[in-house]
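# Structural overview
Residue-level listing of the chains:
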Amino acid sequence: MSYQHQHQHVEQHGILSRMVGVGDMVLLDPLTEENFLDNLQKRFNSDQIYTYIGSVVVSVNPYKHLSIYGSDKIEEYRGRNMYELPPHIYAVADLAYRSMKNHNRDQCVLITGESGAGKTEASKIIMQYVAAMSSKSKEVVKIKQQLLQSNPVLEAFGNAKTVRNDNSSRFGKYMDIEFDFKGDPIGGIITNYLLEKSRVVQQATGERNFHIFYQLLNGPETMLHKLKLSKDVKYNFLTDGKITDTIDDAGHFKDVLTAFNVIGFSHEEVDQVLQAIAIVLKLGNITYKGRSAMNGMEGCSVEDMKEIEELSEILGVKPDKFATTITQRTMKAREDKVTCTLSASGAAYARDALCKAIYSRLFTWLVQRINQSIQSTTKTRRKVMGVLDIYGFEVFDNNSFEQFIINYCNEKLQQIFIELTLKEEQEEYIQEGIEWIHIDYFDNEIICKLIEQPHTGILSMLDEECLRPGEATDMTFLSKLHDTCGSHTHFESRHNQEFLSDKTLPHDSFRILHYAGKVSYCVEGFLDKNNDSLYRNLSMAMYSAQHGLIGGADGLFPEGEPVIVEGADNMKRPPTTATQFKVSIAQLMKNLHSKNPNYIRCIKPNAVKRSGIITQDLVKHQVRYLGLMENVRVKRAGYAFRQKYEDCLERYKMLCPRTWPNWRGNPQDGVKEILQHVEIPEKEYTFGRTKIFIINPKTLFDLEDERQESLHDLATIMQRIWRGYVWRTRYQRMRQAQILISKNVKAYLGEKHFLALRAAAVIMQCYIRGWKARCLLRAHKELKRRTIAVTVIAAYWRGLVDRKKYRRYFRANAGGVIAKFMERLLIYLFYKKLRDGLPSTSPIDKKWPTCKYDCLKTAHNELKEMHHKWRCQVYRKSLSKERQAQLKEKLEASELFKDKKSLYWISLPAPFQGDYVSLKRQEKWQKVSAINDDNNIIFADEGFKINRADGKAVSCTIVMSDKALILLHPETFKIKYRLPLADINGLSYSPYTDGMTLLHITAPANGPAAKSYKGDLILNIAHSVECGTRLLRTIKSITGKNIEIKISSSSSLASKSGDLSVQFIENSSGEITGPVVKKVKKSFQVTVPKKQIPNGVKTSSNNHKAAQNNGHENAEDETAAL
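A brief report on the enclosed structure follows. If you're wondering where the values come from, they're calculated on a predicted model, not measured in any experiment. (Residues numbered from 1 in each chain as written. Predicted model: local features only at pLDDT ≥ 70, side-chain atom pairs only at ≥ 80, totals over all residues. Heavy atoms only, no water.)

Spatially, β13-β14-β15 is the arrangement adopted by the 3 strands of the open sheet, whose pairing is antiparallel. Where the open sheet ends on each side, the last strands, each with one partner, are β13 (491-493) and β15 (517-522). Between one strand and the next, the sheet's axes are offset by a mean angle of 25 degrees, whatever the strand orientation. Sheet topology note: the strand β14 (residues 509-514)/β15 ladder contains 6 bridges and is antiparallel. Note that in β15 the partner of L513 across the bridge is K518. (Pairing = 2+ DSSP bridges. Helix = DSSP H or I, 4+ residues; strand = E, 2+ residues; numbered from the N terminus. Axes fitted to C-alpha atoms, helices over the stretch in contact; angles between N-to-C directions.)

Their axes nearest at 11 Å, the elements helix α6 (residues 138-158) and helix α13 (residues 344-374) cross at an angle of 180 degrees. In terms of orientation, α6 lies roughly antiparallel with respect to α13. Residues Q146, L147, S150, V153, L154, A156, F157 and G158 of α6 lie in contact with α13, whose contacting residues are Y359, L362, F363, L366, V367, I370, S373 and I374. Among the residues making up the contact of α6 with α13, the classes are represented as 12 nonpolar, 4 polar and no charged. (Parallel < 35°, antiparallel > 145°, perpendicular 65-115°, else oblique. Contact = heavy atoms within 4.5 Å. Nonpolar A, V, L, I, M, F, W, Y, C, P; charged D, E, K, R; others polar.)

Let us now look at the environment of F393. When you line up the elements, F393 lands in the loop between β12 (383-389) and α14 (401-431). Take F393: its relative accessible area is 3%, and that puts it in the buried class. Separated by 107 residues in the primary sequence, F393 and L500 have C-alpha atoms spaced 28 Å apart. Once residues within four sequence positions are removed from consideration, F393 is found in contact with G113, E114, S115, R164, N407, N410, H514, Y515, A516 and V519. (Buried < 20%, exposed > 50% of the residue type's maximum accessible area, 1.4 Å probe, protein only.)

Bringing the sheet that holds strand β3 (residues 107-112) into the picture now. Pairing in this open sheet of 7 strands is mixed, and the strands run β1-β2-β16-β3-β12-β6-β7 from one edge to the other. The outermost strands of the open sheet, each flanked by one partner alone, are β1 (50-53) and β7 (185-193). Geometrically, the sheet is characterised by an average inter-axis angle of 20 degrees between neighbouring strands, direction not taken into account. Direction of pairing for β3 relative to β12: parallel, over a ladder of 5 bridges. If you follow L110 over to β12, its bridge partner there is L388. Relative to the sheet, α6 contacts β6 (172-179) and β7, its axis offset from that of β7 by approximately 15 degrees. The sheet contacts of helix α21 (residues 577-593) involve β3, β6, β7 and β12, and relative to β6 the element is tilted by about 35 degrees.

A cluster of acidic residues, D705, E706, E709 and D713, forms a negative patch on the protein surface. Structurally, D713 is set in helix α26 (residues 697-836). Judged by its relative accessible area of 45%, D713 is partly exposed. (Patch = residues over 30% accessible without salt bridge, like charges linked within 9 Å, V, L, I, M, F, W, Y side chains within 5 Å. Areas by Shrake-Rupley, 256 points an atom, 1.4 Å probe, with all protein chains shown as cover. Salt bridge = Lys/Arg side-chain N within 4 Å of Asp/Glu carboxyl O. Lys, Arg positive; Asp, Glu negative; His and termini not counted. Charge placed at Lys NZ, Arg CZ, Asp CG, Glu CD.)

For the bond from W660 to P661, the omega torsion is 5 degrees, close enough to zero to count as cis. Within the fold, P661 resides in the loop between α24 (645-652) and α25 (667-677). With a phi angle near 55 degrees, Y63 is a residue other than glycine that sits in the positive phi range. Structurally, Y63 is set in the loop between β2 (56-60) and α3 (71-77).

On to the side chain of S59, then. Mapped onto the elements, S59 comes out in strand β2. What makes S59 buried here is its relative accessible area of 8%. S59 has contacts with I49, Y50, I600, R601, C602 and I603, leaving out every residue within four places of it along the chain.

A few words now on the environment of F401. As for its placement among the helices and strands, F401 is situated in helix α14. C-alpha of F401 to C-alpha of F526: the two residues are 125 residues apart in sequence and 5.5 Å apart in space.

What follows deals with the pattern of salt bridges. Applying the stated criterion across every chain yields a total of 40 salt bridges. Here the salt bridges do not stand alone but share partners, grouping R170, E196, R199 and E207 into one network.

For the rest of this paragraph, the subject is the packing of α24 against α25. The geometry of α24 relative to α25 is characterised by a closest axis approach of 9 Å and an angle of 45 degrees between their N-to-C directions. The angle between α24 and α25 places the two elements in the oblique class. As α24 runs across α25, the sense of the crossing is left-handed. Counting all contacts with α24, which are made through Y645, E646, C648, L649 and Y652, the residues of α25 involved are P667, Q668, G670, V671 and I674. (Left-handed = near helix turned anticlockwise from the far one by under 90°.)

To continue, consider the side chain of R369. For R369, the location among the structural elements is in helix α13. Within the structure, the side chain of R369 is placed 2.7 Å from the side chain of S373, a separation counted as a polar contact. Non-local contacts of R369, meaning those with residues more than four positions away in its chain, are made with G264, F265 and E269. (Polar contact = N/O pair within 3.5 Å; in protein donor to acceptor, adjacent residues only side chain to side chain.)

Here's what the structure looks like:
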């Protein structure tokens, strides 16, 4: 009975023979720990991270993306036997899915391993595979999307970066995915276990808070402003106050918002959730200063009331009342209420407790809200596949209550693995009377009893210490542990005589020998975290808040209702954290026992979280405590498949004629008949007391193939019988229908013959009557024709006589009449053609009908001018005041720069914006502008100031207000130069496409201004046409004068040391991209690049003709229409 025959056929002829190493550890020869680790390392180095132990998958975290996933791979593994293709997590998912669908048995996938081993990613891959296996109907796709999108939300709120894992799950999650009879998902239920809420207020060195805090602070500025948050503020609850890391928090936050929408969260609910996160962050920034109260007790007060006011606005409470709540505590002593002040440390403790309570209850609410969206509402029977993704075994430098609870959970998971894969399988062989050699393994039941046993277990003593009267501390709890568990083989403490000199074990700690190794736990905070208490006045304050999620009876603090608080002394004390977790773990174990398990054992290759590195000692430690070697030994010596005789007979009875359709005898004899009929060798199976045991999986595969063929034959027989019945029934219906049709057809034909005869008689009568009527009509027509002929002949005769009489009078006046008629005809034809060919009402439409008559050309041109003026008037009336103002500015720019500067044609289509740097929204500018009352910004743009001394360009922000032209530092907005507009007496430009602008300044005669006078300014402005236009308009409105503007390739520049000449040179080589200024003695040479002028636009050196197909002519004509 050797399991090594299990893959013989597949290994010789299948794809497994071409892989690196051994795909199934059961086939490893010889089976040693060194060979086991060496095989894992070979496969890991070749990016083959999955290895089988029978039906168990061992997964090594690669710490990188591999191209072994996706829709193509899913199709490759869909419906295939597990050993036909290389080991893959898809194979386990497919096996679980098909077992649930075909065998109608609920499944669960248990993903175990220590933190950083890749459990979360494995659970995502399982869910993606299951989602891809179902149909593509609209409703099913919606449910699949909701199930998949629950992951980003729960990871954001429940995962954090630790020293071992950048995306460590700080809570346990078990998801039951529900399917209908077709195998399509119809819903799901998520159960969460023990969120590590202490992380909200404190994180270890090198670790972060939960992802959502950093993601929110990387969100849009508008959202942060609404939540009273800022990226520039240091938040005490975040590690080092930083909000940036190697993780893409901004991208993940967008995914979370998308997931909220897909799951079905309303915008109001999303806002409330984000407000709750903001409340926690802002609570963490509240600080206290100590003071002495009037009664001599130590008190405190809030240092910065701004945080209180902002928090109160979000919560919907009164600021003074909230400040009092977080600095005082109200207690009930018999029938009286006592209010006492809190010290600064006590208030900080209460604040932290409130933050942890808000966040943990918010997380629980999120899970419940997701369940409302994804839970199935149908009443039909469902199939279930569970996926367990729970925190891995943790060993840190400082382990506290959270690590103790997490490791207890991992002990229970290891226990169920032992029971279902090692202990239960060996016990089953013994119960069934199968010859078996017992394989030793470590059973961790003794550790589970040490922790959870009633009265004497660690959890029971922790609850007892929390509930007993008197002063209970963490050290009294440790002393109690020593008294009760000191002699246990898996418990160590410094109170024990054996470990008095063990300096690796602190005096305030105890150590447990877990299945994964020794872990020391510091008892500091055990009682406090187990009690998980919150001051009543804080609960009442949260209940009274007007916040839709936190306050009220349906909010996160329902126990804060005054009626409940008043009667709190008569209420039962809520269960401790340890008790709640112990009950939930017991329910989880019960749930897992009710399903068929599928295992994925995750291994962490190294402690530095880098790809391509595998640490042998670390992997060896995990292989040992996961019991993988014992698992291999059991599989090598065991059977691949077992099934009760009744179930086996029911499934395969169609393979043998003697067992089909019913077997009347003993089920075991029926199974034997089937196996003998399909000619399976006796060495391939063994009979137990109640079950059949099959050694080789290929035997099971052959049975399944035979069953599929038999089902096909049975389906053919059923189709034949059904088709016979259908056709017989159809024939009877057709015969009855034929009789009925014959009767109706005969009646119809008789009626039709009668109607035809009657119609023929009527037609004959009509023809006879018509012939008589036509004869009478012909006689009447002949008489009328003769009468008309006589009348016409008489008329023609009289006309002939009259024409002879008046012929001489007609010839004398005919010419004038004909000329007048022709003149009117031409005018009529001209107006008709003009009416039919009128252009559109757009003032830029140049079309107009042509006139080929010289006598009407003057009228033609007058009408064209009148029509164009009318169109312009209609267009002006349709323009808004803002548009008219824009076009007026364009018109002034046209008068100043058209046919003079090439840049004009480039700037023509774009409207003038004025403020190109959004200066009005800058807080620094608001402070600077208040100094000289320069609030009214007319123009603002980035540019350069050319130094008069060496021609170097200095970056600056150029601002023009209604009083002055200001040059600002581009970052600090400090004023570098301020020039009153009244001092500007002229502007100079080059005729090219550059933005160089020369500002000629009036030199002051004397006084302090004369000393600071340096001369004219040279600026390089991107939107120089707009700047010049607005500058001339503003100066004219201030001084009433029109300053001179000069556009030439050469100009003069006044300076303190004398006049300088400026020469503009156009470079068409393409070697420069912007103006280059060089100072040569007393002159500046400005070399500007020759830019491409838009199609159809001529430069100022040529006459400007029509601009074609580029919008410049339209913009100019639109301006002219104004």
